[in-house]
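Each chain is listed here by its residues.
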Amino acid sequence: MTFRRTGIPILAVAACLILSPATVRGQEAESAERAVREVVESFRSALGAGDSTTVIRLLHPDVRIYEGGHAETRAQYRSGHLRGDISFLQSVESETTSDQVVIQGDMALYMREDRKTGTVRDREIDSRGTETLVLVRTPDGWRIRHIHWSSR
């Protein structure tokens, strides 16, 4: 089948539309966002399951973790604060109230607001928090390069 005036096959027009650079970029962006969200969810799930090996694997070697006015390296986090985060997340329910992914080249920004409820060491928890993760694309996939957590 062809267009009457141009003689261009409809299949050729459809292929151009389907394979247009904008469509390919859109598909690449969706794929990258999906991959970033998978890493974030794997990280969060690993913390909640007490899987410190997976948590550390998903952190870039040069990660910086900001929480409570302190900055930690991956080694410092592994040897200290990680145990407390695992214990806390195993004791509370966390509900995402909003989240967003922004990707620019080989860097992604994940922003999340949440509400945590539960009991930790006989203390009732009902807090709202924010989480910002910066991820970078590496040969091994997306890795978390920066974390900033805060709550009220």
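Quick look at the structure, then. No experiment lies behind these values; they were computed from the predicted model shown.

**Topic: the sheet that holds strand E1 (residues 59-67)**
In step 1: As summarised here, the arrangement of the 6 strands in space is E2-E1-E6-E5-E4-E3, forming an open sheet in which the pairing is mixed. One side of each edge strand has no neighbouring strand; the edge strands of this open sheet are strand E2 (70-72) and strand E3 (92-104). Each strand axis lies, on average, 15° off the axis of its neighbour in the sheet, ignoring direction.
In step 2: In terms of strand pairing, E1 meets E2 through 3 bridges, oriented antiparallel. Residue Ile 65 lies in a different strand from E2, and its bridge partner there is Glu 72.
In step 3: Packed on one face of the sheet, helix H4 (residues 74-91) meets E1, E2, E3, strand E4 (107-120), strand E5 (123-138) and strand E6 (141-151) and runs near 60° to E1.

**Structural notes on the pairing of E3**
In step 1: Here 12 bridges tie E3 to E4, and the two strands are oriented antiparallel to one another. Counted as the bridge partner of Gln 104 is Met 107 from E4.
In step 2: Between E3 and E4, which follow one another and run antiparallel, lie 2 residues, and Gly 105 among them has a positive phi close to 65°.

Rules of the game
- Residues numbered from 1 in each chain as written.
- Predicted model: local features only at pLDDT ≥ 70, side-chain atom pairs only at ≥ 80, totals over all residues.
- Heavy atoms only, no water.
- Pairing = 2+ DSSP bridges.
- Helix = DSSP H or I, 4+ residues; strand = E, 2+ residues; numbered from the N terminus.
- Axes fitted to C-alpha atoms, helices over the stretch in contact; angles between N-to-C directions.
- Contact = heavy atoms within 4.5 Å.

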